[in-house]
Amino acid sequence: ASGNTDLIVKGDGNVGIGTATPEYQFQIYNTGIAEMELKGNPPEFNLYDTSGTVDKRRARLTVDSTRISIQGLNDADNTVTHNFFEGDLNSGNVGIGTTSPDYKLDVRNGELTVRPSSSGNVGLGKIGHSSNNAILQLYDSLGNEDVRISTSLNSYFNGGNVGIGTTSPVNKLGIEVAANSNTK
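All values derive from a computational prediction rather than experimental measurement.

### As for the sheet that holds strand β1 (residues 7-9)
Ordered in space as β1-β2-β3, the 3 strands form an open sheet in which the pairing is mixed. In this open sheet, the two edge strands, each paired with only one partner strand, are β1 and β3 (26-28). Each neighbouring strand pair of the sheet contributes to a mean axis angle of 10°, computed without reference to strand direction. Sheet analysis places strand β2 (residues 15-17) next to β3, joined by 3 bridges and oriented parallel.

Pasting the structure below:
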(Lines give C-alpha, C1' and ligand atoms only; values in the text may rest on other atoms or scores of the structure.)
Protein backbone atom coordinates (compact mmCIF):
# COMPACT_ATOMS: atom_id res chain seq x y z
CA ALA A 1 0.00 0.00 0.00
CA SER A 2 1.19 3.51 -0.68
CA GLY A 3 2.57 5.36 2.36
CA ASN A 4 2.65 2.16 4.48
CA THR A 5 -0.63 3.22 6.11
CA ASP A 6 -3.40 0.80 7.02
CA LEU A 7 -6.02 3.44 7.93
CA ILE A 8 -5.85 7.22 7.88
CA VAL A 9 -8.38 9.99 8.47
CA LYS A 10 -7.25 13.27 6.92
CA GLY A 11 -8.07 16.72 8.28
CA ASP A 12 -10.47 17.28 5.34
CA GLY A 13 -12.48 14.21 6.44
CA ASN A 14 -11.23 11.89 3.71
CA VAL A 15 -10.62 8.32 4.89
CA GLY A 16 -8.02 6.09 3.33
CA ILE A 17 -7.33 2.38 3.70
CA GLY A 18 -4.03 1.38 2.17
CA THR A 19 -3.18 4.97 1.21
CA ALA A 20 -1.79 7.92 3.14
CA THR A 21 -3.29 10.40 0.66
CA PRO A 22 -6.99 9.58 0.11
CA GLU A 23 -8.44 11.72 -2.69
CA TYR A 24 -12.07 10.85 -1.90
CA GLN A 25 -14.27 10.69 1.19
CA PHE A 26 -13.58 6.95 1.32
CA GLN A 27 -10.80 5.34 -0.70
CA ILE A 28 -9.41 1.79 -0.61
CA TYR A 29 -6.09 1.21 -2.33
CA ASN A 30 -4.15 -1.98 -2.91
CA THR A 31 -1.58 -2.85 -5.54
CA GLY A 32 -3.40 -6.17 -6.02
CA ILE A 33 -7.09 -6.89 -5.74
CA ALA A 34 -8.89 -4.44 -3.41
CA GLU A 35 -11.52 -6.41 -1.54
CA MET A 36 -14.36 -5.19 0.63
CA GLU A 37 -16.76 -7.39 2.53
CA LEU A 38 -20.14 -6.53 4.02
CA LYS A 39 -21.82 -9.16 6.18
CA GLY A 40 -25.34 -9.19 7.57
CA ASN A 41 -28.57 -11.14 7.53
CA PRO A 42 -29.18 -10.13 4.79
CA PRO A 43 -26.49 -7.57 4.01
CA GLU A 44 -27.68 -4.38 2.31
CA PHE A 45 -25.75 -1.65 0.57
CA ASN A 46 -27.81 1.54 0.14
CA LEU A 47 -27.16 4.59 -2.03
CA TYR A 48 -29.15 7.72 -1.15
CA ASP A 49 -29.82 10.84 -3.22
CA THR A 50 -29.96 13.69 -0.69
CA SER A 51 -30.46 16.49 -3.23
CA GLY A 52 -34.25 16.59 -2.79
CA THR A 53 -36.33 17.14 0.32
CA VAL A 54 -39.48 15.18 -0.60
CA ASP A 55 -39.69 11.60 -1.89
CA LYS A 56 -35.95 11.08 -1.90
CA ARG A 57 -34.88 8.04 -3.87
CA ARG A 58 -32.40 5.35 -3.02
CA ALA A 59 -30.99 2.23 -4.58
CA ARG A 60 -30.42 -0.95 -2.60
CA LEU A 61 -28.12 -3.86 -3.35
CA THR A 62 -28.86 -6.91 -1.23
CA VAL A 63 -28.04 -10.61 -1.24
CA ASP A 64 -29.38 -13.57 0.70
CA SER A 65 -28.94 -17.34 0.43
CA THR A 66 -30.98 -17.55 -2.80
CA ARG A 67 -30.79 -14.22 -4.64
CA ILE A 68 -29.01 -10.96 -5.37
CA SER A 69 -31.15 -7.87 -5.94
CA ILE A 70 -30.83 -4.27 -7.07
CA GLN A 71 -33.96 -2.28 -6.26
CA GLY A 72 -35.16 1.32 -6.29
CA LEU A 73 -36.96 2.48 -3.18
CA ASN A 74 -38.96 5.49 -2.06
CA ASP A 75 -37.08 6.81 0.95
CA ALA A 76 -40.22 8.19 2.60
CA ASP A 77 -41.85 4.82 3.25
CA ASN A 78 -39.20 2.26 2.19
CA THR A 79 -41.50 0.98 -0.60
CA VAL A 80 -39.79 -0.85 -3.46
CA THR A 81 -40.68 1.18 -6.56
CA HIS A 82 -38.55 -0.74 -9.10
CA ASN A 83 -36.98 -4.19 -9.27
CA PHE A 84 -34.06 -3.36 -11.53
CA PHE A 85 -32.28 -6.69 -11.30
CA GLU A 86 -32.86 -10.01 -9.63
CA GLY A 87 -30.43 -12.91 -9.86
CA ASP A 88 -31.48 -16.34 -8.62
CA LEU A 89 -28.34 -17.89 -7.11
CA ASN A 90 -29.75 -21.44 -7.37
CA SER A 91 -31.06 -21.52 -10.96
CA GLY A 92 -28.89 -18.81 -12.52
CA ASN A 93 -32.03 -17.04 -13.81
CA VAL A 94 -31.95 -13.25 -14.12
CA GLY A 95 -34.98 -11.01 -13.76
CA ILE A 96 -35.65 -7.41 -14.72
CA GLY A 97 -38.87 -6.04 -13.26
CA THR A 98 -39.51 -9.18 -11.19
CA THR A 99 -38.30 -10.70 -7.93
CA SER A 100 -38.89 -14.27 -9.14
CA PRO A 101 -37.37 -14.85 -12.59
CA ASP A 102 -38.64 -18.05 -14.27
CA TYR A 103 -36.20 -18.04 -17.22
CA LYS A 104 -32.51 -17.35 -17.91
CA LEU A 105 -33.62 -13.80 -18.81
CA ASP A 106 -37.10 -12.83 -17.57
CA VAL A 107 -38.17 -9.25 -18.42
CA ARG A 108 -41.55 -8.16 -17.07
CA ASN A 109 -43.68 -5.01 -17.15
CA GLY A 110 -42.02 -3.49 -20.18
CA GLU A 111 -40.35 -4.14 -23.46
CA LEU A 112 -36.95 -5.51 -24.31
CA THR A 113 -35.06 -3.26 -26.72
CA VAL A 114 -31.70 -4.04 -28.30
CA ARG A 115 -29.79 -1.20 -29.97
CA PRO A 116 -26.23 -0.62 -31.10
CA SER A 117 -26.34 2.90 -29.62
CA SER A 118 -28.66 5.29 -27.78
CA SER A 119 -29.84 6.93 -31.01
CA GLY A 120 -33.46 5.79 -31.30
CA ASN A 121 -34.62 2.63 -33.06
CA VAL A 122 -31.69 2.44 -35.46
CA GLY A 123 -30.36 -0.99 -36.31
CA LEU A 124 -31.96 -3.73 -34.26
CA GLY A 125 -35.31 -4.34 -32.66
CA LYS A 126 -37.60 -4.69 -29.71
CA ILE A 127 -40.00 -7.17 -28.20
CA GLY A 128 -42.86 -5.86 -26.15
CA HIS A 129 -46.54 -5.25 -25.90
CA SER A 130 -48.98 -2.50 -26.77
CA SER A 131 -52.60 -2.50 -25.59
CA ASN A 132 -52.52 -6.23 -24.73
CA ASN A 133 -50.83 -6.99 -28.04
CA ALA A 134 -47.53 -8.87 -28.22
CA ILE A 135 -45.19 -7.40 -30.83
CA LEU A 136 -41.77 -7.98 -32.39
CA GLN A 137 -40.28 -5.08 -34.36
CA LEU A 138 -37.03 -5.06 -36.36
CA TYR A 139 -35.42 -1.90 -37.75
CA ASP A 140 -32.91 -1.22 -40.52
CA SER A 141 -29.82 0.97 -40.16
CA LEU A 142 -31.88 4.09 -41.00
CA GLY A 143 -34.42 3.45 -38.25
CA ASN A 144 -37.21 2.22 -40.56
CA GLU A 145 -39.41 -0.52 -39.13
CA ASP A 146 -38.94 -3.30 -41.71
CA VAL A 147 -40.47 -6.23 -39.84
CA ARG A 148 -43.45 -6.34 -37.51
CA ILE A 149 -45.01 -9.49 -36.17
CA SER A 150 -48.03 -8.76 -34.03
CA THR A 151 -50.79 -10.74 -32.34
CA SER A 152 -53.55 -8.23 -33.16
CA LEU A 153 -52.07 -5.35 -35.21
CA ASN A 154 -50.92 -5.53 -38.82
CA SER A 155 -47.90 -7.77 -39.38
CA TYR A 156 -45.53 -7.17 -42.28
CA PHE A 157 -42.13 -7.72 -43.84
CA ASN A 158 -40.69 -4.83 -45.87
CA GLY A 159 -37.44 -4.69 -47.81
CA GLY A 160 -37.11 -8.16 -49.29
CA ASN A 161 -38.70 -11.42 -50.32
CA VAL A 162 -40.25 -13.87 -47.85
CA GLY A 163 -39.66 -17.58 -48.15
CA ILE A 164 -41.64 -20.48 -46.71
CA GLY A 165 -39.77 -23.74 -47.14
CA THR A 166 -36.95 -21.94 -48.99
CA THR A 167 -34.01 -19.73 -48.04
CA SER A 168 -33.83 -18.11 -51.50
CA PRO A 169 -37.28 -16.83 -52.57
CA VAL A 170 -37.32 -15.12 -55.99
CA ASN A 171 -40.71 -13.43 -55.53
CA LYS A 172 -42.21 -11.31 -52.75
CA LEU A 173 -43.64 -14.57 -51.34
CA GLY A 174 -41.90 -17.80 -52.33
CA ILE A 175 -43.35 -21.11 -51.16
CA GLU A 176 -41.55 -24.40 -51.78
CA VAL A 177 -43.49 -27.61 -51.18
CA ALA A 178 -41.71 -30.95 -50.81
CA ALA A 179 -42.43 -33.40 -53.65
CA ASN A 180 -43.87 -36.04 -51.29
CA SER A 181 -46.06 -33.52 -49.45
CA ASN A 182 -49.86 -33.75 -49.27
CA THR A 183 -50.12 -29.94 -49.23
CA LYS A 184 -53.07 -28.52 -51.19
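### Comments concerning the pairing of strand β7 (residues 79-88)
In the sheet, strand β6 (residues 67-74) pairs with β7 via 8 bridges, with the strands oriented antiparallel. Across the sheet, residue R67 finds its bridge partner in β7, namely D88. Two strands pair when backbone bridges link them, and β7 and strand β8 (residues 94-96) are joined in this way by 2 bridges, in the antiparallel orientation. Note that in β8 the partner of G87 across the bridge is V94. Between β7 and β8, which pair antiparallel one after the other, the connecting turn spans 5 residues, and G92 there sits at a positive phi close to 85°.

Procedures and definitions
- Once a new chain begins, its residue numbering starts again from 1 and follows that chain's sequence as written.
- Local features in this predicted model are restricted to residues whose pLDDT is 70 or higher, and side-chain atom pairs enter the listing and the counts only when it is 80 or higher, whereas totals over whole chains, interfaces and linings include all residues.
- Hydrogens and water are ignored here; the side-chain numbers use all heavy atoms of the structure.
- Here the rule is simple: two strands pair whenever DSSP picks up at least two bridges between them.
- In this description a helix means any DSSP run of H or I spanning at least four residues, a strand means any run of E spanning at least two, and both kinds are numbered starting from the N terminus.
- Note on geometry: axes are lines fitted to C-alpha atoms, helical ones only across the stretch in contact, with angles between N-to-C directions running from 0 to 180 degrees.

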